[in-house]
Amino acid sequence: MREDLLFTPPDFSDEKYASSKDVSTAEVIKDGVSPQGFYLTSHAPTYYKVDGKWQIPERSSQDCLAVLEDGKIYVREFRNLKKGDKVVIADANDGSQGVLKYAEGFSDEVLARGGDFVEASNTSNYRLLYELMKKERDAKGMITWVLGPAVVFDFDTRNGLSRLAENGYVQALLGGNAMATHDLEGGYLNTALGQDIYTQISDPLGHYNHLDTLNAIRNVGSIDEFINQGNVRDGFVKTLNRLGVPITLAGSIRDDGPLPEVTGNVYESLDNVRKQTDKSNLIICLATTLHSASTAETASSYRIDEDGNVVPVFIFTVDVTENAVRKVSAAREGIAVRTLVTNVQDFVVNLEKELVPEEFVSFDEEHVYDVEEAEVSAEASDEKEIKE
């Protein structure tokens, strides 16, 4: 990690920290209910003084509680409190009550510096992302992707993501039912939401296609079995399935089907997401305000490396609307977040060009969509419309 991205801890030999008292706690008397006066956590690195020594939890999270257990501080959600837990009680975070919030330990290179508007130059953001992705790939770290369905509607984007995965740049995928369904629809029926995956021309009655795909998958019982039976020609989900990369799908009230792997219970989904983000060293969110913002709130803003250093866990959020990326930045409290206002096809193609060797041939190269045939079909369709 670059020196300018590392965290500089407070000088705890300073008298104001050395003389401050230990944290106070109060005991939980009912599962899921905190004592009054609890300290509400944030993404900013926060130290707690226990038995005369300052410590920092291994992970942060927004709007949670700090719990003291066996001399160690853990960050937990209200719903996970158990009777007998000792919750940190404080109304100040300047160190005077044993709680020290210390975001200033991060440099300006880590803290948000704008860029969440259309006219912003994104060159430096791309360069930082390339650097972080190469580092994590080489160190066998964990790069987690959070995708919305719009990402898989495009031929080049699906191929680009697959090539990035095959070159070691994807270790986990988070998303919802629609994203996985439409990617599988593309590999099964050559459409996404009923539109040709390359030409974007709508199939007759194409709005049935994703439902036919869902029905066929539910009939065989799983995405894995559907792919194993040879029903899916290509796509990002198929690539991750072959590589053994975990896919976590969180359900919503609007889901069709859903796919068998989709988790319908929202809190179970949250637990599943947290299992992946707790292991993540870098998170990339594309074209989904809902999943991006929830991941930004849940995922830790830092991790503790093998040398005990506090290292930022960057989130890159990409969308065509300024409002979407600003929500993610706000959910992250401006810590270790970079925003790019652009379409996801351009973004993914830029990454592929930078990170994937030109001579690289995809495992599914022989199954890649017949672009020439699709273009001929599109021209024929256009001529037919003109005549009519």
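Residues numbered from 1 in each chain as written. Predicted model: local features only at pLDDT ≥ 70, side-chain atom pairs only at ≥ 80, totals over all residues. Heavy atoms only, no water.

1. A look at the packing of aromatic side chains
Moving on, step 1. On inspection of all chains with the given rule, the structure shows 13 aromatic pairs.
Moving on, step 2. Between the aromatic rings of phenylalanine 7 and phenylalanine 106, the centroid separation amounts to 5.0 Å while the plane-to-plane angle is 70 degrees, which identifies the pairing as edge-to-face. Of the two residues, phenylalanine 7 is situated in the segment before α1 (15-18) and phenylalanine 106 in the loop between β7 (99-101) and α2 (123-138); the sequence distance between them amounts to 99 residues. For the pair formed by phenylalanine 7 and phenylalanine 106, the shared burial category is buried.
Moving on, step 3. Between phenylalanine 12 and tyrosine 17 the ring centres are 5.8 Å apart and the planes differ by 65 degrees, which places this aromatic pair in the edge-to-face class.
Moving on, step 4. Judged by relative accessible area, which is 22%, phenylalanine 12 ranks as partly exposed.
Moving on, step 5. Taken together, the ring pairs in this structure connect Phe12, Tyr17, Tyr47 and Trp54 into an aromatic cluster. (Phe/Tyr/Trp six-rings, centres within 6.5 Å; stacked < 30°, edge-to-face > 60°. Helix = DSSP H or I, 4+ residues; strand = E, 2+ residues; numbered from the N terminus. Buried < 20%, exposed > 50% of the residue type's maximum accessible area, 1.4 Å probe, protein only.)

2. A word on the packing of helix α4 (residues 177-189) against helix α7 (residues 236-243)
Moving on, step 1. Taken N-terminus to C-terminus, the directions of α4 and α7 make an angle of 95 degrees; their axes are 7 Å apart at the nearest point. By the angle between their axes, α4 is roughly perpendicular relative to α7. Residues Ala180, Asp183 and Leu184 of α4 lie in contact with α7, whose contacting residues are Phe236, Val237 and Lys238.
Moving on, step 2. Its residues assigned to classes, the contact of α4 with α7 shows four nonpolar, no polar and two charged. (Axes fitted to C-alpha atoms, helices over the stretch in contact; angles between N-to-C directions. Parallel < 35°, antiparallel > 145°, perpendicular 65-115°, else oblique. Contact = heavy atoms within 4.5 Å. Nonpolar A, V, L, I, M, F, W, Y, C, P; charged D, E, K, R; others polar.)

3. Comments concerning the sheet that holds strand β1 (residues 24-27)
Moving on, step 1. Strand order in the open sheet made by the four strands is β1-β6-β4-β5, with antiparallel pairing throughout. Looking along the sheet, the strands with just one partner apiece sit at the ends: β1 and β5 (72-76). Within this sheet the neighbouring strands show an average axis-to-axis angle of 45 degrees, counted without direction. (Pairing = 2+ DSSP bridges.)

Shape descriptors only; they carry no functional weight alone.
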